[in-house]
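Report on the structure
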Amino acid sequence: MIVFYYTSTPFLDIALEIINILKYDVELHVMIEVTPGNAHRIGVSKLPENKTIIGFSDLLSENSLNYFTPYFEGCASFNFIIHTSDAGASFSTLKMFHKTWRFIANLHPDVIHMEAITLRSLGMIPFLFSKIKFFFTIHDPIPHSGAANWKISLPRRLFLKLPNKKSYFFYSQFAKNQVEQLYQFDRYPKYLNRMYPYSYYRLFKKGEILTKKHILFFGSIAQYKGI
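Read on for a plain summary of the structure. The structure displayed is predicted, hence computed values, not measured ones.

Conventions used here
- Residues numbered from 1 in each chain as written.
- Predicted model: local features only at pLDDT ≥ 70, side-chain atom pairs only at ≥ 80, totals over all residues.
- Heavy atoms only, no water.
- Core = buried A, V, L, I, M, F, W, Y, C linked by side-chain atoms within 4.5 Å.
- Buried < 20%, exposed > 50% of the residue type's maximum accessible area, 1.4 Å probe, protein only.
- Helix = DSSP H or I, 4+ residues; strand = E, 2+ residues; numbered from the N terminus.
- Contact = heavy atoms within 4.5 Å.
- Axes fitted to C-alpha atoms, helices over the stretch in contact; angles between N-to-C directions.
- Parallel < 35°, antiparallel > 145°, perpendicular 65-115°, else oblique.
- Nonpolar A, V, L, I, M, F, W, Y, C, P; charged D, E, K, R; others polar.
- Pairing = 2+ DSSP bridges.

Turning to the nonpolar core, a few remarks are in order. One finds Ile-42, Leu-60 and Phe-80 to be the most contacted residues of the largest nonpolar core, which totals 34 residues. For this core, the elements supplying multiple residues, two or more each, are strand E1 (2-8), helix H1 (12-22), strand E2 (27-34), helix H2 (56-59), helix H3 (62-72) and strand E4 (77-82). With six residues, H1 is the largest single contributor of residues to this core. When near neighbours in sequence (up to four residues on either side) are disregarded, Phe-80 contacts Ile-32, Val-34, Ile-42, Thr-52, Ile-53, Ile-54, Phe-56, Leu-59 and Leu-60. Counting 29 residues, the second-largest nonpolar core is a separate cluster that includes Ile-138, Tyr-168, Val-179 and Tyr-188.

In structure tokens:
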């Protein structure tokens, strides 16, 4: 089975764990969208110019490669798709739609698994009318306060409403319950994929005893989190 797995750098912590499982059971092709604003999440200070789809070994620094290679090895392909603008709706994004579509079409996947539903992923819309089966991971059934806008609602509406064979994954029973209460997804299979400890963070363990107080914060710093 050929699986195309699409995600973005903000979801990479959990995505790495999913990738590390799938790669042993299927022919796995991974694509990660990266922008100037989130490139630092993979240890990249500046994205290369005139590049669109690039292999991980051609983008990451030697230090980052040491962290990520154990997860990327064993995949049939692993690429970053580079967006030159942080804006989801831009001329450069439109140009990438065709590149995304052409890359996937050449793979002839049996399954497309989307970890990220964004404006930048709209290049996959034509495949909703094909025989390819789609899996969607729903992180936040209800957008966070301050994040509810058309840039989030439009791609969700298109991907989740247009006809196709679909299944849905959730990382918590709470999120699964929210979707079942708010949306008419009853005719589609829904699965609970409980999150386990992220093995990736163990790579940063140094063993020394910290004497200063620290705050461990996951994700982006946003007003809805009380910061």
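The interhelical angle for the contact between H1 and H3, taken along N-to-C directions, is 40 degrees, at an axis separation of 9 Å. Viewed along their axes, H1 and H3 adopt a mutual orientation that is oblique. From H1, Leu-12, Leu-16, Glu-17, Ile-19 and Asn-20 reach across to H3, where they touch Phe-68, Pro-70, Tyr-71 and Phe-72. Of the residues that constitute the contact of H1 with H3, the class distribution is seven nonpolar, one polar and one charged.

Pairing is mixed in the open sheet, where eight strands are placed in the order E3-E4-E2-E1-E5-E6-E7-E8. On the outer flanks of this sheet lie strand E3 (53-55) and strand E8 (190-192), each paired with one strand and no other. In this sheet, adjacent strand axes meet at a mean angle of 20 degrees when their direction is disregarded. Inspection of the sheet shows E1 paired to E2 by seven bridges, in the parallel sense. Residue pairing in the sheet places Tyr-5 in a bridge with Val-30 of E2. The strands touched by helix H6 (residues 173-182) within the sheet are strand E7 (166-170) and E8, with E8 carrying the most contacts at an inclination of about 160 degrees.

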